[in-house]
Structures are given as C-alpha cells and as structure tokens.
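Coordinate analysis (summary)
So the chains spell out like this:
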Amino acid sequence: MEQHPKQSKPIKHSSFKIPIQTELITEILLRLPVESLLRFRCVSKSWLALISSPEFVKAHLNISANNKDYTHHRLMMNFESKYNIKDCSLSSLFNESVIEAFDLDYPTKSNGSYKRFPNSDRIVGSVNGLICLAMEDYDLVVWNPSIRKYKKLPDSRPRLERMTYDFHRYGFGYDEFHDDYKVVGIFTCGSLDQVEFKIYSLKVILGQVLLIV
Amino acid sequence: MASSTTGEKKILTLKGGDNEEFILEESLVLQSELLKNMVKEERVSSIPLPSIKSKTLVKIIEYLKKHAELTPSNKEEFKNFEKEFVNVVLEELLDITVAVNYLKINGLLEFCCQAVADRIKDKSVEAVRKIFRIESDFTPEEESEFRKETPEAFEGDLDDTTN
C-alpha cells in the first residue's frame, strides 16, 4: 500500500548490482531481430556461443513463429505461367487495404549463374524459416533469407534408362524425429515401372552453416 | 463481491536494499513466484530484498497494483501504463528486469525482456558491451571477420549511446 520510509536516513544511491544472469541475457537476446543477433555475436565469446547454439536457434525461431502480429511472416507466390517468384509481408494482408508484392530477390537470381532458362525457378517449399528452391526446375538450393545464406544441394538426379524425365516433383520438410531437414524427389519417365524416389538429408549437406540463426 | 474487509487483508512488508520499507497487501505479492513461496511456506510478514534498489521496488509495486486492477474494460489503459512503465533510462530498465527475474514475475519478465531487446536492437557492439559491462575477448582480427562475413549487420546508423 503506502510507502513508509521508516528511517529518515538519507537513501544511498550507490549501485548494488546483481550480476545479470546468463538465463536473463538469453531471454533478452531471444527477442532480438536476426540482424542484431548477427552483430552481437562479436560482443564476446560467450555471446557468440550462446547465439550459435542449436537450443538458442530453436527457441528464437519458436518466438518469431508465434509472434501474434505476424511481424516476421512472409508470403511467397509462384506464378506458374511466368515462373516468377513474388513475396509480400503477411501482416500487410491483414492490416492494409492495398497489398504490394515484390519480386523475390533470391540467391543465384541476381548473380546470373542461372540464365539458360530465366524465370524457370520454383519454390519447392518452406519450413522454419528455410526456403527450398528448384533453380531452372532441377537444381536445388536451400536458402535462409534471414541470414542471407544459401547452399546448393549436390545434383543427384537418378539416371534412368531413358535419359529424359517426363515428370518430377520435389517436397521440402522438417523431420522432427531426426531433427533434420529433408528434400524428397520423385522422378519418373512416365511409366510406373520407372519411378525413383530420392531423399536428401540436409543435416549432412548443410552442417550448421544455414542454421546459425 | 469478495467478502473480505480491509481489516482481514493480510499485510506484508518488503524491505528494499536501502532499508526502505514498503507495506502492501499480501495478495499483491502473490504475482511473484518467489515471494508467493516465501509467504505460503514460511508464513513471513517481512521480507528483506537487499539486492533490489528501493527505486526499482517502487516501480515494481506500482506495476503489481496496476496489474491487480486489470479488467477487460481497462485493458487499453493498462497497455498505456505498460508503455510508460518501461519508458525509463536503459540502466533503470535493466535494474527492473533483473529484479523482476529474481522475483519471478513471469508476465512482466517477458514484457521487460522485449522492452530491453527493443532498446538495444539498433545499438553498436561497443554500446552493448558498455551496457552489459562485458569486456571483449575477441582480437580485432577476429572481430573484423564477423564484419566481413555479415556486413549488412554492421551497416546503417548504429546507436553508440548506452541510455
């Protein structure tokens, strides 16, 4: 209720600091945007270890993904006719009357390494902030836009008897049991006796490179 | 309405680090997990909190009172109060956050941590080291490696102040 300064002694304004515990530092850092975390990795070795730890990465993702205002969510669109990838912020869909979608500036698009068939890139899928793209329909790239890093997956298309495929599909997902990201490919030349499935495990391929934050 | 009259309300004394005493209703401190356990298990009527500055304790008690009065109809008012609550110099905000963490007032802790994060997100590395009193243990070469690796994280108008 009311404050009762019992003694009339002058109050000392000396600082009696409780050291800030690591758990509290973690709670604060978990609420920072990725850009700030990348910068604060060089504050000290212990901050670097904390920010790079898989537990921190997971907890940070969890907080961002559960943000009620969808501040960190984006919507990607693939237009079949043009093979053009656009994206817009998810919160704008709820809050704004006019929504602007922009051409997605994804890796290898701007550096011109794929120009044989411009605009034939596709979104394979997206999970936990990672995006899987198929460049020129086949070459797989896994991209983490928040840290602007990507990795090309090795080309391991099956060599079927007939060299051309009529049909292939990729899927991208997270295998919680093995804590691994996986790409599944189905390849066929049209007849059911020639179907091949491939599963790419990203744990081996990516290491920790893409999962820093 | 609750039947308890003023006379029946249990009173508790909190003693801040400057020996200043704060007398408040016991029901208010139950929002703190730490104090709740002390009150329920040890049946104390006075709790010394030597590590918390009185100035900080005043703020926290103010919050506990406001939070206890929260109803669906004054939600907006409470939100404005929360905004004002963290609108203090960064050092004071950190003192409050550390104390709230110690007292285990969970809802307020998350709010304070987000407020600290919002205040430091555009700060420079040097400013953050000063704020958290951290000595760098990286060599200048190692540090420039980070800058090379993710230049975009070091671009723009970074805030060098600590307040």
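Residues numbered from 1 in each chain as written. Chains lettered and ligands numbered in written order. Predicted model: local features only at pLDDT ≥ 70, side-chain atom pairs only at ≥ 80, totals over all residues. Heavy atoms only, no water.

- In the nomenclature of an unreviewed UniProt entry, chain B corresponds to SKP1-like protein from the organism Nicotiana attenuata.
- Under the UniProt heading Pathway (unreviewed entry), the note attached to chain B is "Protein modification; protein ubiquitination."
- UniProt annotates chain B under Subunit (unreviewed entry) with the comment "Part of a SCF (SKP1-cullin-F-box) protein ligase complex." (UniProt positions renumbered as here; feature names shortened; annotations may be inferred.)

- Per an unreviewed UniProt entry, chain A goes by F-boxkelch-repeat protein and derives from Nicotiana attenuata.

1. Some points on the sheet that holds strand 7 (residues 139–144) of chain A
Residues and elements named next belong to chain A.
- In spatial order, the strands read 5-6-7-8; together these four strands make up an open sheet with antiparallel pairing. Each edge of the open sheet carries a strand with a single partner, namely strand 5 (122–127) and strand 8 (149–152). Each strand of the sheet is rotated relative to its neighbour by a mean of 20°, with strand direction disregarded. (Pairing = 2+ DSSP bridges. Helix = DSSP H or I, 4+ residues; strand = E, 2+ residues; numbered from the N terminus. Axes fitted to C-alpha atoms, helices over the stretch in contact; angles between N-to-C directions.)

2. Structural notes on a nonpolar patch on the surface
- A contiguous nonpolar surface patch, about 430 Å² in accessible area, is contributed by A:Y70, A:L75, A:L93, A:F94 and A:I99.
- Following the sequence through the fold, A:I99 ends up in the loop between helix 5 (90–95) and strand 4 (102–103). (Patch = residues over 30% accessible without salt bridge, like charges linked within 9 Å, V, L, I, M, F, W, Y side chains within 5 Å. Areas by Shrake-Rupley, 256 points an atom, 1.4 Å probe, with all protein chains shown as cover. Salt bridge = Lys/Arg side-chain N within 4 Å of Asp/Glu carboxyl O.)

3. Describing the domain arrangement of chain A
Residue and element names in this part refer to chain A.
- By the assigned domains, chain A splits into domain 1 (19–66) and domain 2 (121–212).
- Domain 1 puts nine residues into the contact, and the matching count from domain 2 is nine residues.
- Where domain 1 abuts domain 2, roughly 670 Å² becomes buried across the two surfaces, and 56% of that area is made up of carbon and sulfur atoms.
- Three residues, V34, K58 and L61, lead the burial of domain 1 against domain 2; their summed loss comes to 45% of the area buried on that side.
- Viewed at the interface, domain 2 and domain 1 are joined by one salt bridge.
- K58 is the salt-bridge partner of D179, the closest N and O atoms lying 3.6 Å from each other.
- Seen at the junction of domain 1 and domain 2, the total is zero residue pairs in polar contact (both at pLDDT 80 or more).
- Elements with a minimum of two residues in the side of domain 1 that touches domain 2: helix 2 (34–40), helix 3 (45–52) and helix 4 (54–65).
- Here the residues of the side of domain 1 that touches domain 2 sort into five nonpolar, one polar and three charged. (Domains from an automatic or database assignment. Contact = heavy atoms within 4.5 Å. Buried area = accessible area lost by both parts, 1.4 Å probe. Polar contact = N/O pair within 3.5 Å; in protein donor to acceptor, adjacent residues only side chain to side chain. Nonpolar A, V, L, I, M, F, W, Y, C, P; charged D, E, K, R; others polar.)

4. Digging into the interface of chain B and chain A
- Opposite the 51 residues of chain B that make contact, chain A presents 39 residues.
- Of the roughly 4000 Å² buried where chain B meets chain A, counting both sides, 65% is carbon and sulfur surface.
- At the surface where chain B touches chain A, the tally comes to two salt bridges.
- Note that B:E149 and A:R41 form a salt bridge whose closest N and O atoms lie 3.9 Å from each other.
- There are nine residue pairs in polar contact (both at pLDDT 80 or more) connecting chain B and chain A.
- Contributing elements (two or more residues each) for the side of chain B that touches chain A: strand 2 (21–25), helix 3 (54–68), helix 5 (90–103), helix 6 (106–120), helix 7 (125–131) and helix 8 (140–149) of chain B.
- With seven residues, helix 6 of chain B is the largest single contributor of residues to the side of chain B that touches chain A.
- Its residues assigned to classes, the side of chain B that touches chain A comprises 22 nonpolar, nine polar and 20 charged.

5. As for the pattern of salt bridges
All names here are of chain B.
- One pass over the structure, following the stated rule, counts 17 salt bridges over all chains.
- Residue K15 pairs with E21 through a salt bridge whose shortest N-O separation is 3.9 Å.
- Overall, the relative accessible area of 12% leaves E21 in the buried class.
- The network of salt bridges with shared partners includes E126, R129, E143 and R147. (Buried < 20%, exposed > 50% of the residue type's maximum accessible area, 1.4 Å probe, protein only.)

6. Topic: helix 5 of chain B
- Its 14 residues give helix 5 of chain B an end-to-end C-alpha distance of 20 Å, which sits within 8% of 20 Å, the value for a rise of 1.5 Å per residue.
- Where burial is concerned, most of helix 5 of chain B is hidden: twelve out of the 14 residues are buried.
- Among the residues of helix 5 of chain B, B:L90, B:E92, B:L93, B:L94, B:D95, B:I96, B:T97, B:V98, B:A99, B:V100, B:N101 and B:L103 are the ones counted as buried.
- Residues of helix 5 of chain B that are buried sit in contact with helix 1 (22–29) of chain A together with helix 2 (33–42), helix 3, helix 4 (75–85), helix 6 and helix 7 of chain B.
- At the exit of helix 5 of chain B stands B:K104, carrying a positive phi of roughly 55°. (Expected span 1.5 Å × (residues − 1).)

7. Focus: the pairing of strand 1 (residues 11–15) of chain B
Residue and element names in this part refer to chain B.
- In this structure, strand 1 lies alongside strand 2, joined through five bridges in antiparallel fashion. If you follow K15 over to strand 2, its bridge partner there is E21.
- Hairpin connection of strand 1 to strand 2: five residues between the antiparallel strands, including N19 at a positive phi of 65°.
- In the sheet, strand 1 pairs with strand 3 (residues 46–48) via three bridges, with the strands oriented parallel. Directly across from K15, in strand 3, lies its bridge partner P48.

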